[in-house]
Structures are given as structure tokens and as C-alpha cells.
Amino acid sequence: MKTLIIEKIEPKRIGELVTVGRILGETPDLLALGEGEVPGTYPRAYQCPETIAANLVDGVADLIQRDGYQVVLLSATTLGSEIAGRLGARLKAPVLSEVIEVKPDMTVKRPLYGGKAVAEYKIQGNPVILTIRRKYFEPAPLEGTTAAAVFNVESPSVVLLSEEQVQTQGVRLEDAEIIVSGGRGMGSADNFEVLREMAGLLRGAVGASRGAVDEGWASQTMQVGQTGNIVAPAVYFAVGISGASQHLAGIANAKCVVAVNKDEEANIFKRARFGVVCDYHKFIPALIQALREEQ
Ligand SMILES: Cc1cc2nc3c(=O)[nH]c(=O)nc-3n(C[C@H](O)[C@H](O)[C@H](O)COP(=O)(O)OP(=O)(O)OC[C@H]3O[C@@H](n4cnc5c(N)ncnc54)[C@H](O)[C@@H]3O)c2cc1C
């Protein structure tokens, strides 16, 4: 399959897409978006400084048609989804989003109904555009760098005025090996402080359910789940989280889930390796105390 990856210069994301590309055949070509060195080596590589979907799509569609790409791979991020939808319309090509499994014969799987079901599709004809859910494929290690051919877009219709980094303390959620997440059961924004303390002791990051984000106790960037961050830490603590399927969709590849919930019927216990049926007010301070004694 002649495959093109379109992704920002982020080695982990490109690495995941290279892994998917190799399942379908050889190492794919790359269209790297943004400034900076292009990591890894590819049969062909292009680089485009533009990172706005609306400005990219006409030029990218021409490239796909000219070079006869059969598969286009993007990450299921906001940018990837925007490019994929527009490319699909422009090329009259099928788009399958949030793909979690790919086979060499072009059967692909993706979750449905908030992660309660998985659908399998067989794709015929080409080109086809796939967005790949993050953290489902091991990123291929990218060695060296590539001098990519410059790919420019003409007459942008959307202009980026400014970018502001959201301040996050400590370890980033997507890089964290340990995540301590709080849900509506935390009861207030102030109560998240104990989770921050615990995450600090474990050198982890603090996450949240949508329940907690909707209450305004945690920022949207902390949300874990189908419409938040997809994470795959070694240990995931779910504190006061009921375990709705949309939340579980974000932790499908977490290695060890520890649930703390006072309701023994809570759905989270079906996903957890270790479960603590307890009011977190009792358990978390005791755990923090034990962690302090360890150190
Ligand atoms: C299209 C769509 C997308 C969605 N995307 C997401 C998503 O990305 N991420 C996400 O999380 N949700 C998502 N949701 C929402 C999801 O369906 C749930 O509503 C949400 O996950 C519930 O959050 P929660 O578990 O914190 O709250 P609740 O369901 O209210 O659960 C709170 C839990 O805390 C426990 N509890 C209460 N007090 C204590 C205490 N003192 N000690 C211990 N335990 C206690 C309770 O027993 C309960 O189990 C989505 C929904 C839809 C429809």
C-alpha cells in the first residue's frame, strides 16, 4: 500500500503512524507539518510550515492524487480530524476515524457507542483516509533526521494570530507513567489538592473525568476519555470516578487501574486491577502518609 503520513513534527505521534504504515506494507512517506528537524527516515518526505487544516487541504489533495497514495494516515487529534474530513470531501474518499486496529488486508477496527462496541470494516478501493487513535500502537523508534522537500501552500484562508501555552504543573498527562484522576466523587475543586499531592509524591500527573471538568473543578486539558486525552500509563488511579464507558475509552491501554470508590457496584471496578471500596477522604490521606514514609 502506498501510504502517506500527515503529522506535526512530534516524534511519538509520527512513530505511531509509522508502525501502522508498516503493518500495511513498507515504511510510509511523510508530510511533516511545522518548523524544525524532521525525525526518522522515509522513502520520500515533505515538510510544510503550515499547520492549519483549512489552508493545507487543497495542496495536500493534489499531492495525494499526483503521487497516487492509497492510504493516508493521520492521528485522531483535532488537527488530524480536521484535515481528514476535508480531504475526504475533496477527494471523495472514505474517512474512518479513531481507528484502533489495522490489518494488512485493510480491515480496520474502531470503537462505537462510547467504547461499548468495536466495529470491523473492510476497505475496498482507494485512497482511504484513516485517523488513528493515540496510544494504541507502539511508536516506531525514529532514527536520524530527514532533509525533507519543501511543500508550500498558497493563499491561506485562515491566519493564526497567537498561540498561548496552557500552564500545566509537573509532568504532562500524555507523558506520565502514573496518573491520579479525580471524578465528581471528589466533591469540590479544593479536594483535588490531595490528588496533586499524591501525584507529586509519585512523580505523576493529575487527570479528571468529564464529571469533574463539567463541575469546573478541573481544566479541560486534564480530561481523560473519549472526548479528552487518551492515556496509557503504567498505573492509573481513578478516584471518585464511576467508570462510564466514555471515560474507560481513554484508559483502554492503561496497564494497571486502581479504583477508589465508595460504591462497590461502580462500573470502574470491572476495569480495575485493584479496587478499594472506601470513601476517598479516608483512603487517599492514608496512602499519602504511607508514600511519605516510603521516601
Ligand atoms: C459523547 C460523550 C462523550 C463523553 N466523553 C467523556 C470523556 O472523555 N471523559 C469522561 O470522563 N466522561 C465522558 N463523558 C461523560 C460520561 O458519560 C460520564 O458522565 C462521566 O465520566 C462521569 O464522571 P464521573 O465518573 O466523575 O461522575 P459520576 O458518574 O457522577 O461518578 C462519581 C463517582 O464517585 C463516587 N464517589 C462519590 N463520593 C465519593 C467519595 N467520597 N469517595 C469515593 N468515591 C466517591 C460515586 O460512587 C460515583 O461512582 C462523555 C459523555 C458523552 C455522552
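Undergrad: Would you explain the overall build of the protein chain in this entry?
TA: From N to C terminus, the protein chain includes 8 helices and 17 strands. For a compact globule of 295 residues, the expected C-alpha radius of gyration is about 19 Å, and the protein chain comes in at 21 Å, within 12% of that figure. Reported as C-alpha extents along the three principal axes, the dimensions of the protein chain are approximately 65 × 40 × 35 Å. Buried positions account for 49% of the 295 residues belonging to the protein chain. By sequence separation, contacts in the protein chain at least 24 residues apart represent 61% of the contacts at least 6 residues apart. A total of about 14800 Å² of accessible surface is found on the protein chain, and carbon and sulfur atoms cover 48% of it. For the protein chain, the centre of its 30 positive side-chain charges and the centre of its 35 negative side-chain charges are spaced 5 Å apart.

Undergrad: Can you help me understand the packing of aromatic side chains in this one?
TA: Each aromatic ring pair is summarised here by two numbers: the centre-to-centre distance and the angle between the ring planes. Inspection of every chain in the model, using the stated rule, returns 1 aromatic pair. Measuring from ring centre to ring centre gives 6.3 Å for Tyr46 and Phe151, while their planes differ by 70°; the resulting arrangement is edge-to-face. One end of the pair, Tyr46, is in strand β4 (residues 45-48); the other, Phe151, is in the loop between β12 (149-150) and β13 (178-182), and 105 residues separate them in sequence. The ring of Tyr69 has Lys2 lying over it, and the distance from NZ or CZ to the ring centre is 4.6 Å.

Undergrad: For this particular structure, what's the right way to read helix α3 (residues 78-91)?
TA: Along an α-helix, a turn takes 3.6 residues, which lines up residues three or four apart on a common side. In a regular helix each residue adds 1.5 Å, so 14 residues correspond to 20 Å; α3 covers 20 Å between its end C-alpha atoms and thus fits that length. Among the residues of α3, those classed as buried are Leu79, Gly80, Ile83, Ala84, Leu87, Gly88 and Leu91. The arc that holds the buried residues of α3, viewed along the axis, is 150°, so those residues lie on one side. Seen from the buried face of α3, the exposed residues on the opposite side, beyond 90 degrees, are Thr78 and Ala89. Those residues of α3 that are buried lie in contact with β1 (3-8), β2 (29-33), α2 (53-67), β5 (71-75), β6 (95-99) and β10 (128-132). Backbone geometry just downstream of α3 places Lys92 in the positive-phi region, at approximately 50°.

Undergrad: Explain the site of the ligand here, please?
TA: Every one of the 24 residues lining the ligand counts as a neighbour, but Arg184, Ser209, Thr227, Ser242 and Asn261 are closest to it. In the environment of the ligand, an oxygen atom lies 3.4 Å from a nitrogen or oxygen atom belonging to the backbone of Gly211. In this structure, a nitrogen atom belonging to the ligand sits 2.8 Å away from a main-chain N or O atom of Val224. Applying the majority rule of atoms within 2 Å of the grid points places the ligand in the second largest pocket. Secondary-structure elements contributing two or more residues to the shell around the ligand are α5 (210-214) and α6 (245-248). Of the residues contributing to the shell around the ligand, the split by class is 5 nonpolar, 14 polar and 5 charged.

Calculation notes
Residues numbered from 1 in each chain as written. Predicted model: local features only at pLDDT ≥ 70, side-chain atom pairs only at ≥ 80, totals over all residues. Heavy atoms only, no water. Helix = DSSP H or I, 4+ residues; strand = E, 2+ residues; numbered from the N terminus. Rg over C-alpha atoms; globule rule 2.2 N^0.38 Å. Buried < 20%, exposed > 50% of the residue type's maximum accessible area, 1.4 Å probe, protein only. Contact = heavy atoms within 4.5 Å. Areas by Shrake-Rupley, 256 points an atom, 1.4 Å probe, with all protein chains shown as cover. Lys, Arg positive; Asp, Glu negative; His and termini not counted. Charge placed at Lys NZ, Arg CZ, Asp CG, Glu CD. Phe/Tyr/Trp six-rings, centres within 6.5 Å; stacked < 30°, edge-to-face > 60°. Lys NZ or Arg CZ within 6 Å of the ring centre and 35° of its normal. Expected span 1.5 Å × (residues − 1). Arc of directions from axis to C-beta. Near = heavy atom within 4 Å. Polar contact = N/O pair within 3.5 Å; in protein donor to acceptor, adjacent residues only side chain to side chain. 1 Å grid on protein atoms, 1.4 Å probe; cavity = no way out; pocket = protein on both sides within 12 Å on 5 of 7 lines; lining within 4 Å. Sits in = over half its atoms within 2 Å of the grid points. Nonpolar A, V, L, I, M, F, W, Y, C, P; charged D, E, K, R; others polar.

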